[in-house]
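Residue strings, one per chain:
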Amino acid sequence: MSKKAVFPGSFDPITLGHYDIIKRGISLFDEVIIAIGINADKKYMFSLEDRKRFIEDAFKDEPKVSVITYEGLTIDLCRKLDADFILRGLRNPADFEFEKAIAHTNRKLSKIETVFLLTAAKTSYISSSIVRDVIRNNGDYTVLVPNSVVVKK
């Protein structure tokens, strides 16, 4: 039986922190499915197609990684994909408190386990919202994201 994990998020855009968690997840799981959640109420900087392409390009040489989009509950997606694990990264105590509540809820509603990885110290300060702010203010975002993330001006 293969160990399959879903790594959900909006990835607007994918950051070096996300990249680090995915790379480390590859060593733990037989398959890592990066699942880009669609939230109609949220305003994104990058289109769904761009976000998907950024991730696919970043992992084009990694056969254990796939990228999909989804709507609805992550646990429903996990059931559909026959994935027993949700992979999440933690940057700080606030992330832990937020993610803990979601993990407990998911365990109450399903048998799906959440696996937490601490982000690397060198990327723990990076968030997609910080990257978007750097981009909006014409800063050098390239030091915060994989090379696949390209902003069209």
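Procedures and definitions
Residues numbered from 1 in each chain as written. Predicted model: local features only at pLDDT ≥ 70, side-chain atom pairs only at ≥ 80, totals over all residues. Heavy atoms only, no water. 1 Å grid on protein atoms, 1.4 Å probe; cavity = no way out; pocket = protein on both sides within 12 Å on 5 of 7 lines; lining within 4 Å. Points joined across faces, edges and corners; volume = space filled by probe spheres on them. Helix = DSSP H or I, 4+ residues; strand = E, 2+ residues; numbered from the N terminus. Nonpolar A, V, L, I, M, F, W, Y, C, P; charged D, E, K, R; others polar. Buried < 20%, exposed > 50% of the residue type's maximum accessible area, 1.4 Å probe, protein only. Arc of directions from axis to C-beta. Contact = heavy atoms within 4.5 Å. Polar contact = N/O pair within 3.5 Å; in protein donor to acceptor, adjacent residues only side chain to side chain. Salt bridge = Lys/Arg side-chain N within 4 Å of Asp/Glu carboxyl O. Pairing = 2+ DSSP bridges. Axes fitted to C-alpha atoms, helices over the stretch in contact; angles between N-to-C directions.

Q: Looking at this structure, I do not really get the layout of surface pockets. What am I missing?
A: Sizing a probe to match a water molecule and rolling it over the atoms shows the empty space that remains. The volume enclosed by the largest pocket comes to roughly 1000 Å³. Lining the largest pocket are 40 residues, with P8, G9, S10, R88 and E99 positioned closest to its centre. Elements with a minimum of two residues in the lining of the largest pocket: β1 (4–9), α1 (16–28), α3 (74–81), β4 (85–90), α4 (93–109) and α5 (128–136). Along the lines of polarity and charge, the residues of the lining of the largest pocket split into 15 nonpolar, 18 polar and seven charged.

Q: Help me understand helix α2 (residues 48–58), please; the structure alone is not making it clear to me.
A: Along an α-helix, residues three or four apart share an orientation, since each turn contains 3.6 residues. Within α2, the full set of buried residues consists of D50, R51, F54, I55 and A58. For α2, the angular spread of the buried residues around the axis is 130°, confining them to a single face. The inward-facing, buried residues of α2 abut α1, β2 (31–37) and β3 (65–70).

Q: I would appreciate a short explanation of the side chain of T15 in the present structure.
A: Relative to the helices and strands, T15 resides in the loop between β1 and α1. When its relative accessible area of 1% is taken as the criterion, T15 is described as buried. A distance of 3.1 Å separates a polar side-chain atom of T15 from the backbone nitrogen of G17. The residues contacting T15, other than those within four sequence positions of it, are I126, S127, S128, V131, L144, V145 and P146.

Q: Can you walk me through the pattern of salt bridges in this structure?
A: Where charged atoms of side chains with opposite charge meet at close range, the side chains can pair. By the definition in use, this model includes ten salt bridges. R107 is the partner of E113 in a salt bridge, and the nearest nitrogen-oxygen pair spans 3.6 Å. A relative accessible area of 36% means that E113 is categorised as partly exposed. Relative accessible area serves as the criterion here: at 36%, R107 is assigned to the partly exposed category. One continuous salt-bridge network, built from bridges that share partners, spans D50, R53 and K152.

Q: Would you mind showing me how to read the sheet that holds β1 here?
A: In sheet architecture, strand pairing relies on hydrogen bonds along the backbone and comes in two forms, parallel and antiparallel. Strands sit in the order β3-β2-β1-β4-β5 across an open sheet of five strands; the sheet is parallel. The open sheet is flanked by β3 and β5 (113–118), the only strands paired with a single partner. The average undirected angle you get between the axes of adjacent strands in this sheet is 30°. Looking at chain direction, β2 and β3 are connected through six bridges and run parallel. Following the sheet pairing, V32 is matched in β3 by V65. Contacting β1, β2, β3 and β4, α3 crosses the sheet at an angle of about 150° to β1. Against the sheet, α4 makes contact with β4 and β5, and its axis sits at roughly 170° relative to β4, the strand it touches most.

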